[in-house]
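# Summary of structural features
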Amino acid sequence: MASPKAFTMAGGDAAYSYAKNSSYQRSVVDAGKELIKEAISEKFDLKSLGFDTPSTVVIKIADLGCSVGPNTFFAMENIIEAVEMKFLKAKNQNPSALEFQVFFNDHYENDFNTLFKTLPPSRKYFAAGVPGSFHGRLFPQSSLHFAHISYALHWLSKVPKEVADRNSSVRNKSSVYNSSVAEAYSTQFKNDMECFLNARAEELVPGGLMFISAAVRPDGFPVSNTSVGVFYEVFGSCLNDLVKMGVLGEEKVNSFNWPAHQATPKELEAIFKRNGKFSIEKMEKLADQSMEKPLSLEDYVLAVRAVSDGLIRNHFGDESAEQIFNHFTTKAEENFSKILGLAHKNLNVFILLKRIE
C-alpha cells in the first residue's frame, strides 16, 4: 500500500496531453535561461574538469523527470548554448570539437514514444532515454557534467506508510490534503531528497552542476494560502460530491492521496546543507512568469488533467476518471475567482548546486 504504481504526465497529443498543456512550466524554463547561462559561465571550471587543452570534448547532460516534451528540449538547448558560449570564450578551445549527449529520464510508464517522435530535427546532441525513478541511481559514477530538473522535485517516491494504512489515524479522509498528513509528507520528502542528492552526488563529476527549478511555498505560508492549497480544496470537494451522488465509494475517496510536497525555501536549504555533498551556489526567486493570455477555466482544467490524469486513472479507474474530471470542471467554475486570485502568486525558485570536489 505504501508504494503505489508510478504515474506520469498525460502522454500523446490529446486535448489534455501534457505536451499541449504545459505552457506555464515552459515559462519557468524560460525564466531560468539567463541564470543557467550565468551559472555555466561562472561556475563550470574547464581546467578542473580536464577541459583545458584542445581536444574533442563530450558533455553529458541529464534531464530528470523530462515528461514528453517540448519543455525538456528547450531546457537542454539552454544548457547547450551556454556551454558553447563558455568554450567559445575560453582560450585553447575549439567549440566545433564539442559533442553533447543528453539523457532524458522519467518513469518507465512515461510516453517516451511521443518524446522521441518530437525530438528537434536540428538538435546538437545525441539523445537517449533512461527510464526509472530519479530518487535512485540512474547513471554510472562520475558520468554526468550537468543534471537538470524542473517542476518535478515535489513528487514523492511513495505515499508514506502511515498515510496509506487504512487503519491509521494519519489519513486524508474525504480530502486531498489536510494537516494530519502534512508532517508525514514532509518527512517522506526529506527522505526522498536525501536519496536524490546521494544518487546525483555519485553520478555527477566533481565540480559538476545541478540546476533545479521548483515550485515552493513561501516561508511561513500555510498550504491553504497557496494555489496548490486551493486546488486541494476544490478537488477534494469534487470527490466528496461524487460520493454523495453515489458515483464514488467513500473508502475509495478516503484512500486517495496526492503524493506531493511543496517545500519552503528554508526547508530546501536545510536539506541541502544536511546532505553536505553539494555547495549551494545560488538560490533565488525566479522572475514572475507572465501568462501569454489570461487563464481561462478550460486552460486550468486541462492543465490539471495533464498532470493528474495518470494518478486519477490509476486509483479510480478509467470510467470514474472521466466522471471526476467532468465534475471538477463544474467545481472549478464555481470557485474560479478564488483560483484566479492565487494563480499569479506562485513562488518558483532557481537553485544551483555544485558537486563538492
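Here the structure is a predicted model, which is why all the values come from computation and not from measurement.

Definitions and limits used
- Residues numbered from 1 in each chain as written.
- Predicted model: local features only at pLDDT ≥ 70, side-chain atom pairs only at ≥ 80, totals over all residues.
- Heavy atoms only, no water.
- Buried < 20%, exposed > 50% of the residue type's maximum accessible area, 1.4 Å probe, protein only.
- Helix = DSSP H or I, 4+ residues; strand = E, 2+ residues; numbered from the N terminus.
- Pairing = 2+ DSSP bridges.
- Right-handed = clockwise from strand over helix to strand, strands pointing away.
- Expected span 1.5 Å × (residues − 1).
- Bend = angle between axes of the 7 residues up to and from the residue.
- Contact = heavy atoms within 4.5 Å.
- Axes fitted to C-alpha atoms, helices over the stretch in contact; angles between N-to-C directions.
- Parallel < 35°, antiparallel > 145°, perpendicular 65-115°, else oblique.
- Left-handed = near helix turned anticlockwise from the far one by under 90°.
- Nonpolar A, V, L, I, M, F, W, Y, C, P; charged D, E, K, R; others polar.
- Phe/Tyr/Trp six-rings, centres within 6.5 Å; stacked < 30°, edge-to-face > 60°.
- Lys NZ or Arg CZ within 6 Å of the ring centre and 35° of its normal.

In this section: the pairing of strand S2 (residues 98-106). Burial of S2 is extensive: eight of the nine residues sit out of reach of the surface. Across eight bridges, strand S1 (residues 57-64) lies against S2 in parallel orientation. From the neighbouring strand, Val57 faces S2, where its bridge partner is Leu98. For S2 and strand S3 (residues 126-131), the ladder comprises six bridges, and the chain directions are parallel. Considered in S3, the bridge of Asn105 is made with Val130. For the segment spanning S2, helix H4 (residues 112-117) and S3, crossover handedness is right-handed.

Right, let's get into helix H10 (residues 297-316). Compared with an ideal rise of 1.5 Å per residue, which puts 20 residues at 28 Å, H10 spans 24 Å between its outermost C-alpha atoms and falls more than 12% short. Approximately 60° is the largest bend angle found in H10, and it occurs at Ser308. With 14 of 20 residues buried, H10 is to be regarded as a mostly interior element. Positive backbone phi, approximately 95°, marks Gly317, located one or two places after H10.

Here we take up the environment of Phe256. As for its position among the elements, Phe256 is in the loop between helix H8 (250-254) and helix H9 (265-275). For Phe256, a relative accessible area of 1% puts it in the buried group. C-alpha of Phe256 to C-alpha of Val159: the two residues are 97 residues apart in sequence and 9.9 Å apart in space.

What follows covers the environment of Lys20. Take Lys20: it is sitting in the segment before helix H1 (23-31). Classification of Lys20 by relative accessible area gives exposed; the value is 54%. Residues Lys20 and Pro70, spaced 50 residues apart in sequence, show a C-alpha to C-alpha distance of 9.0 Å. Excluding residues within four positions of it along the chain, Lys20 makes contact with Asp13 and Ala14.

What follows covers the packing of H10 against helix H11 (residues 318-334). Remark: H10 packs on H11, axes separated minimally by 10 Å, with the N-to-C direction vectors making an angle of 150°. In terms of their interaxial angle, H10 and H11 are classed as roughly antiparallel. The chirality of how H10 crosses H11 is right-handed. When H10 is examined against H11, the residues Leu297, Tyr300, Val301, Val304, Arg305, Ser308, Asp309, Ile312, Arg313 and Phe316 are found in contact with a partner set consisting of Asp318, Ser320, Ala321, Glu322, Ile324, Phe325, Phe328, Thr329, Ala332 and Glu333. Its residues placed into classes, the contact of H10 with H11 shows eleven nonpolar, three polar and six charged.

Turning our attention to the sheet that holds S2. The strand order across the open sheet formed by seven strands is S3-S2-S1-S4-S5-S7-S6, and the pairing between neighbours is mixed. Of all the strands in the sheet, just S3 and strand S6 (278-285) have a single pairing partner and so form its edges. On average, each strand axis in the sheet is tilted by 15° relative to the strand beside it, whichever way the strands run. Each of strand S4 (144-150), strand S5 (204-216), S6 and strand S7 (347-355) touches helix H2 (residues 33-43); the most contacted strand, S5, lies at about 160° to it. Its contacts with the sheet place helix H3 (residues 71-89) against S1, S2, S4 and S5, and it is angled at close to 155° to S2.

Another aspect to go through is the packing of aromatic side chains. Scanning all chains against the criterion turns up 26 aromatic pairs. Between the aromatic rings of Phe235 and Trp258, the centroid separation amounts to 6.3 Å while the plane-to-plane angle is 65°, which identifies the pairing as edge-to-face. Of this pair, Phe235 sits in helix H7 (residues 227-244) while Trp258 sits in the loop between H8 and H9; the two residues are 23 residues apart in sequence, bridging distant segments of the chain. Residue classification places Trp258 among the buried residues on the basis of a relative accessible area of 7%. Against the face of Phe74 rests Arg26, its NZ or CZ located 3.5 Å from the ring centre.

Once that is clear, we can look at the packing of H2 against H3. At a minimum axis distance of 9 Å, the contact between H2 and H3 shows a crossing angle of 35°. Crossing handedness for the pair H2 and H3: right-handed. On H3, the residues that touch Lys33, Ile36, Lys37, Ile40 and Ser41 of H2 are Asn78, Ile79, Glu81, Ala82, Val83 and Lys86. Residue composition of the contact of H2 with H3, grouped by class: five nonpolar, two polar and four charged.

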